[in-house]
Amino acid sequence: MAVREILQIGHPVLRQRSHKIAHFDAALSSLVDDMIETMHAAPGVGLAAPQIGVSRRLIVVEMPDDEDYPNPGERWVVCNPEVVRTSRETEPGQEGCLSVAGYVGMVERPVSAIIRGQDIKGKKLRVKAEGFLARAFLHEIDHLNGVLYVDRAEDGSVMTVKEYEQLLQEQAAEQEADLAEEMEIEPAQDARVHI
Ligand code: NI
């Protein structure tokens, strides 16, 4: 197992359509191990193979072990993932990407999605994803088609993590001024959730 270098926006591999996985062998399993280790080291909640320079249709997604997220602590490895269906309903949400380090932006995505694909042995699998999990899967599958979240972000919404944290602080301060002193303020949402 090894932590691999994560390619940054501007690298041509990130803009290619990745190739289908045909061989479910030891080399694939070793690639998956590297992707998981790289995702953990980053840290991130998802990684697509092209982000480490491997133009193959392979993604890993792992939700934080935190009740604020859907399916906390669960991990999926999906080969040849396809979006079967998405909800008509969409919602905006803050997104970051390990290949666009240091930035976040607002992206409108379906609130739920059904994904199908294969596990590392080639066995068919299906995932019903909701909320942030659906967002993570759709973000990773975009990577396999050469699409980055910045392509989908609302105009003017992409900013540095530092700017975003400042904005959250300002919003929290405004809220605080509006609310009675005894009311408890929720801590600002962590901006460093990168997919
Ligand atoms: Ni990404």
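Quantities reported herein were computed from a predicted structural model and do not represent experimental measurements.

A.B. asks: I tried to follow the pairing of strand 4 (residues 90–96) on my own but got confused; where do I start?
C.D. replies: Looking along a regular strand, one sees the side chains alternate between the two faces of the sheet. One ladder, built from seven bridges, connects strand 4 with strand 5 (residues 103–110); its direction is antiparallel. Its bridge partner being in strand 5, Pro 92 is matched across the sheet by Glu 108. Linking two consecutive strands that pair antiparallel, namely strand 4 and strand 5, is a turn of six residues; a positive phi of about 90° is found at Gly 102 within it.

A.B. asks: Please clarify how the environment of Thr 90 should be interpreted in this entry.
C.D. replies: With respect to the helices and strands, the residue Thr 90 is situated in strand 4. According to the C-beta neighbour criterion, Thr 90 is exposed, with 12 such atoms within 10 Å. Measuring from C-alpha to C-alpha, the distance between Thr 90 and Val 13 comes to 29 Å, with 77 residues separating the pair along the chain. Apart from residues lying up to four places away in sequence, Thr 90 is in contact with Glu 108, Arg 109, Pro 110 and Val 111.

A.B. asks: Is there a simple way to explain the nonpolar core in this structure?
C.D. replies: Where a protein is soluble and globular, its nonpolar side chains tend to be buried together. Counting residues in hydrophobic clusters, the biggest one holds 38 residues, and the most contacted among them are Ile 59, Val 60, Val 61, Leu 133, Ala 136 and Phe 137. When contributions to this core are tallied by element, the ones reaching two or more residues are helix 1 (26–41), strand 1 (46–48), strand 2 (58–62), strand 3 (75–86), strand 5, strand 6 (112–118) and helix 2 (132–144). Ranked by residues supplied to this core, first place goes to helix 2 with eight residues. Apart from residues no more than four positions distant in its own chain, Val 60 is found in contact with Val 32, Met 35, Ile 36, Met 39, Gly 46, Leu 47, Arg 75 and Val 77.

A.B. asks: Would you take a moment to explain the sheet that holds strand 7 (residues 124–130) for this structure?
C.D. replies: Two pairing modes exist for strands in a sheet, parallel and antiparallel, and in both the strands are linked by backbone hydrogen bonds. Read across the open sheet, the five strands follow the order 1-2-3-6-7; overall the sheet is antiparallel. Strand pairing shows two members of the sheet lacking a second neighbour, strand 1 and strand 7, which therefore form its edges. With direction set aside, neighbouring strand axes in the sheet form an average angle of 40°. The sheet contact formed by strand 6 and strand 7 spans seven bridges and is antiparallel. Bridge pairing links Ala 113 to Ala 129 in strand 7.

How each quantity is defined
Residues numbered from 1 in each chain as written. Predicted model: local features only at pLDDT ≥ 70, side-chain atom pairs only at ≥ 80, totals over all residues. Pairing = 2+ DSSP bridges. Helix = DSSP H or I, 4+ residues; strand = E, 2+ residues; numbered from the N terminus. Buried ≥ 20, exposed ≤ 12 C-beta atoms within 10 Å, placed from the backbone. Contact = placed C-beta atoms within 7 Å. Core = buried A, V, L, I, M, F, W, Y, C linked by C-beta atoms within 7 Å. Axes fitted to C-alpha atoms, helices over the stretch in contact; angles between N-to-C directions.

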